Amino acid sequence: MSGWDEGAVFYSDQAQFPRGGGDPDHGSLTRHAALRKFKEFIRGFSGEKGEFRYRESLVHNPDHLTIAMEDMNSFDADLADKIRKLPADYLPLLESAAAEVLASLRSKIASDTGEMEEPVTGDVQIFLSSKENPVSMRSIGAEYMSKLVKIAGITIAASRVKAKATYVTLLCKNCKNIKTVACRPGLGGAIVPRSCDHVPQPGEEPCPLDPWIVAPDKSKYVDLQTLKLQENPEDVPTGELPRNMLLSVDRHLVQSVVPGTRLTVIGIFSVFQASAAQKGAVGVKQPYIRVVGMEQTREMNTNGPSTFTLDEELEFKEFAQRPDAYAKLCSMIGPSIYGHADVKKAIACLLFGGSKKRLPDGVRLRGDTHVLLLGDPSTAKSQFLKFVEKTAPIAVYTSGKGSSAAGLTASVIRESSSREFYLEGGAMVLADGGVVCIDEFDKMRPEDRVAIHEAMEQQTISIAKAGITTVLNSRTSVLAAANPPSGRYDDLKTAQDNIDLQTTILSRFDLIFIVKDVRLYEQDKLIASHIIKVHASGAAAAKTDDSIEGENWLKRYIEYCRGSCQPRLSEKAAEMLQNKYVEIRQRMRQQAHETGRSSAVPITVRQLEAIIRLSEALAKMRLTSVATQEHVEEAFRLFNVSTMDAARSGINEHLNLTPEIANEIKQAETQIKRRMGIGSHISERRLIDDLTRMGMNESIIRRALLIMHQRDEVEYKRERHIIVRKA
């Protein structure tokens, strides 16, 4: 019978506690006692240093107060338990306690008449925070109803801000009687009585049924916004669709997040009637979470390596000091893939990433590395992409043919019930802070490929559709795999013909690898034995006898390095970089002058920034804060074997031809001109077949066509199937 002498005060809102003053299911803590305890807590709780945390916070921010559940627990476990189990009943009490404490903390002020009077205090909004682990969105069921839950996810949509009435003022049409009805919080509405409670006088007409008119200008409102929270991509089981949860936020939480933000929210699991159309299913309700606390999951480099144990940190630091750390990390990348040592090193650089920089004028320089793998089929390009998807802390995998511009960036969708537009983030937004793997990059429609230009360089996605104008973050690395236009890489063609992508997109890739399927007896034998071993013994072939194993370890190490290390270039390294860059530009200018045409892969300032990012990533693998000359040299080596090699690849016009071959090409040209009149067109296949019957070599005919094409004597049409002779 604790609390029986609290003073039997009856409150007007006793409907929230139907069984007398207390709630026998959860102990008989009366409303009055709870209010007193909450006031005590806010006014008297002192932190470790003896400061009155909540009292000071209220004075500085009079409109909202964030309360940690751990503090409430240490003050009164019973009270914290009540908030967890019956948040809808006890949170309004906590808010009114905060408002009363704030009023008592403020000094009296002089009114217009000169008399001292109490200052007017508004409502105080309470936010809750908790250090407990979030529960999975899939595990939230009926047992959590009306209780506090904590979930994490990524915001994919945000509605416009609406006004939600907290009190509705009703006016009777007949007797002009005024009645105020409270609205349920969240997405709930008000229950309007059917009849007026006015007692008619003799001779007066009684009030009819449903006499009420809502007076909107006399009602009280708060801001309300609905968000859609989707499971984090890394938490979704394979083959399952990601789940969504509707969130409702009000007052100070409104317009605090944009789509693509990763959130951890605490809220009350509630229900609402989905739509008036479901008249028959009165008992079936739609669940949503009424948010009472929200924190954005910060970027990796700001929250530091806080989630790592001391043992892990020591192990990581010890590993970084090893002389063979770089080689060991590269061997962990795609262990089941044979060869491709340089590609593995590039992917290691992509996973670790360079350092983000923010200049004094507000310009952001990206730290993310983009890599393009271009080449023959069956050279393990997609395997690399799949490996990165599993290993990167945040990753999204998508295929070029199945991706539209809206699916990669963001789409504007109209909600069926409210008919309003809202924004939904795509793959590049969901992978913010991670990696996007795009397979079949060449099969994408050109207009879809253009959509990711801004996302790759500026790391933002600008949207201006259906009256929504906004900018979303997409701080991601892109790993793309593509085939040449003819399916295989053809050494007889120029680099331009093999790399059939626009210069604008190529310049955004830091490293472009041309992966060829070289037919060499020894190498084929080694690859075949490696594949057979992998198939025969499962994962055992890829294992080494080292204790450091598994992609999980690699994932943790990448996360630790990205969070705790942001290297910068040393002065000597910067000087060396400058000289080498100028030298490369000089060489490319010379090549363009000799061949009479510019390189397929442009070498611009972006490529210089790419080498800086690679140097920083190589330093980050070793957990050093300065990128030295040896890091720059390795970055240059990688750049040379990838992008520079791609720029020089293909047949270099008709230079370095032996006199015999040159003579044969001349004969082939004569025959082609004889076979085709000016302005006529013929199928390439048919022309080659006709000339091979005359005893000519197919590769010589192709070279002759290529040289004629470069001289603008012939033109290709219909995806290079038809040749047209020009004047």
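The name given to the protein in an unreviewed UniProt entry is DNA replication licensing factor MCM5, with the source organism recorded as Dendrobium chrysotoxum.

Asks: Is there a simple way to think about the overall build of the protein in this case?
Replies: A count of helices and strands for the protein gives 24 helices and 28 strands. Nonlocal contacts in the protein, meaning residues at least 24 apart in sequence, comprise 71% of its contacts between residues at least 6 apart. Roughly 37,200 Å² of accessible area belongs to the protein as shown, and the carbon and sulfur atoms make up 52% of that amount.

Asks: Even after reading the chapter, I still don't get the packing of aromatic side chains, so can you show me in this structure?
Replies: Geometry of an aromatic ring pair is reported as the spacing of the ring centres plus the angle between the planes. Applying the stated rule across the entire model yields five aromatic pairs. Look at Phe41 and Phe75: their rings are 5.2 Å apart centre to centre, the planes differ by 55°, and that puts the pair in the tilted class. With Phe41 in helix α1 (residues 31–44) and Phe75 in helix α3 (residues 69–75), this residue pair connects regions lying 34 residues apart in the sequence. Among the residues examined, Phe41 registers a relative accessible area of 0% and is labelled buried.

Asks: Which parts of the structure should I look at to understand the sheet that holds strand β16 (residues 395–399)?
Replies: The strands making up a sheet are joined through hydrogen bonds of the backbone, oriented either antiparallel or parallel. Reading across the sheet, the five strands line up as β16-β19-β22-β15-β23 and stay open at both edges, with parallel pairing between neighbours. Two strands close off the open sheet at either side, each with one partner strand: β16 and β23 (511–515). Across the sheet, the mean angle from the axis of one strand to that of its neighbour is 15°, orientation sign disregarded. Sheet analysis places strand β19 (residues 435–439) next to strand β22 (residues 477–482), joined by four bridges and oriented parallel. Along β22, the bridge assignment pairs Cys437 with Leu479.

Asks: Help me out: how do you make sense of the sheet that holds strand β28 (residues 722–725) in this one?
Replies: Ordered by their spatial adjacency, three strands build an open sheet running β26-β28-β27, and the pairing between neighbours is antiparallel. Either end of the sheet is taken by a strand with one partner, and the two such strands are β26 (681–683) and β27 (714–717). This sheet shows a mean twist of 25° between the axes of neighbouring strands, independent of strand direction. Taken together, the three bridges between β26 and β28 define a ladder with antiparallel strand orientation.

Asks: Which parts of the structure should I look at to understand the nonpolar core?
Replies: The nonpolar side chains of a soluble globular protein tend to be buried with one another. Core analysis: the biggest nonpolar cluster contains 59 residues, and Leu329, Leu373, Val388, Phe513, Tyr557 and Met621 have the highest contact counts within it. Broken down by element, the residue count for this core peaks at eight residues, all from helix α9 (residues 341–352). Among residues more than four places away in sequence, those in contact with Tyr557 are Phe316, Phe319, Ala320, Leu329, Phe352, Met621 and Leu623. Within the second largest apolar cluster, 35 residues are counted, among which are Val396, Val429, Phe441 and Tyr489.

Asks: Whenever I open this one, the pattern of salt bridges confuses me. Can you help?
Replies: Where charged atoms from two side chains of opposite charge approach closely, those side chains can pair. In this structure the tally under the stated criterion is 18 salt bridges. Among the salt bridges present, the one from Asp342 reaches Arg637, with a minimum N-O distance of 2.9 Å. With Asp342 in helix α9 and Arg637 in helix α21 (residues 629–648), this residue pair connects regions lying 295 residues apart in the sequence. By relative accessible area, which is 31% here, Arg637 ends up partly exposed. For Glu616, the salt bridge identified is with Lys357, shortest N-O distance 2.9 Å. Of this pair, Glu616 sits in helix α20 (residues 605–621) while Lys357 sits in strand β13 (residues 357–358), and the two are 259 residues apart along the sequence.

Asks: How should I be thinking about the packing of helix α4 (residues 77–85) against helix α5 (residues 87–105) in this particular structure?
Replies: Two quantities define a packed helix pair, namely the angle between the axes and the distance from one axis to the other. Between α4 and α5, the least distance of the axes is 6 Å, while the angle of their chain directions is 120°. Classed by the angle they form, the pair α4 and α5 counts as oblique. Along its contact with α4, which presents Lys82, Ile83, Arg84 and Lys85, the element α5 presents Pro87, Tyr90 and Leu94. The residue makeup of the contact of α4 with α5, split by class, is four nonpolar, no polar and three charged.

Asks: In this structure, what is going on with unusual backbone geometry? I would like to understand it.
Replies: Working note: non-glycine residues mostly have negative phi, and peptide bonds are mostly trans. Positive phi outside glycine occurs at Arg251, with the angle close to 50°. In this structure, Arg251 sits in the loop between β10 (244–250) and β11 (262–272). Positive phi is not limited to glycine here, since Leu623 has a value of about 55°. Residue placement: Leu623 occurs in the loop between α20 and β25 (626–627).

Asks: What am I meant to see in α9 here?
Replies: Taking 1.5 Å of rise per residue, twelve residues should cover 16 Å, and α9 covers 17 Å from first to last C-alpha, within 8% of that figure. Burial runs high along α9: nine of the twelve residues are buried. All of the buried residues in α9 are Val343, Lys344, Ala346, Ile347, Ala348, Cys349, Leu350, Leu351 and Phe352. Phi turns positive, to about 75°, at Gly353, one or two residues after α9.

Asks: Is there a simple way to explain the pairing of β22 in this structure?
Replies: Regular strands show a simple pattern: their side chains alternate between the two faces of the sheet. When you tally the buried positions in β22, you get six out of six residues, the bulk of the element. Both faces of β22 are covered, namely the face carrying Ser477, Leu479 and Ala481 and the face carrying Val478, Ala480 and Ala482. Pairing between strand β15 (residues 371–375) and β22: four bridges, direction parallel. Its bridge partner lying in β22, Val371 is registered against Leu479.

Asks: So what exactly am I meant to see when it comes to α5 here?
Replies: At 3.6 residues per turn, the α-helix brings residues three or four places apart onto the same side. Between its terminal C-alpha atoms α5 stretches 26 Å, which fits the 27 Å expected from 19 residues at 1.5 Å a residue. Turning to α5, its buried residues number three or more, namely Pro87, Asp89, Tyr90, Leu91, Leu93, Leu94, Glu95, Ala97, Ala98, Ala99, Val101 and Leu102.

Asks: I keep staring at the side chain of Arg366 and nothing clicks. Help me out?
Replies: Among the structural elements, Arg366 can be located in the loop between β14 (364–365) and β15. Owing to a relative accessible area of 6%, Arg366 belongs among the buried residues under this scheme. Reaching out from Arg366, the side chain makes a polar contact with the side chain of His370 at a distance of 3.3 Å. Among the polar contacts made by the side chain of Arg366, one reaches the side chain of Asp510 at a distance of 3.4 Å. Residues within four places of Arg366 in sequence aside, it is in contact with Ser355, Met456, Glu457, Gln459, Arg508, Asp510 and Arg613.

Asks: I would appreciate a short explanation of the packing of helix α22 (residues 659–675) against helix α23 (residues 684–693) in the present structure.
Replies: Here α22 crosses α23 at 120°, and the two axes come no closer than 11 Å. Classified by the angle their axes make, α22 and α23 are oblique. Between α22 and α23 lies a crossing whose hand is right-handed. Where α22 approaches α23, its residues Gln671, Ile672 and Arg675 are matched on the opposing element by Arg686, Leu687, Asp690 and Leu691. Looking at the contact of α22 with α23, its residues break down into three nonpolar, one polar and three charged.

What counts, and where the lines are drawn
Residues numbered from 1 in each chain as written. Predicted model: local features only at pLDDT ≥ 70, side-chain atom pairs only at ≥ 80, totals over all residues. Heavy atoms only, no water. Helix = DSSP H or I, 4+ residues; strand = E, 2+ residues; numbered from the N terminus. Contact = heavy atoms within 4.5 Å. Areas by Shrake-Rupley, 256 points an atom, 1.4 Å probe, with all protein chains shown as cover. Phe/Tyr/Trp six-rings, centres within 6.5 Å; stacked < 30°, edge-to-face > 60°. Buried < 20%, exposed > 50% of the residue type's maximum accessible area, 1.4 Å probe, protein only. Pairing = 2+ DSSP bridges. Axes fitted to C-alpha atoms, helices over the stretch in contact; angles between N-to-C directions. Core = buried A, V, L, I, M, F, W, Y, C linked by side-chain atoms within 4.5 Å. Salt bridge = Lys/Arg side-chain N within 4 Å of Asp/Glu carboxyl O. Parallel < 35°, antiparallel > 145°, perpendicular 65-115°, else oblique. Nonpolar A, V, L, I, M, F, W, Y, C, P; charged D, E, K, R; others polar. Expected span 1.5 Å × (residues − 1). Polar contact = N/O pair within 3.5 Å; in protein donor to acceptor, adjacent residues only side chain to side chain. Left-handed = near helix turned anticlockwise from the far one by under 90°.

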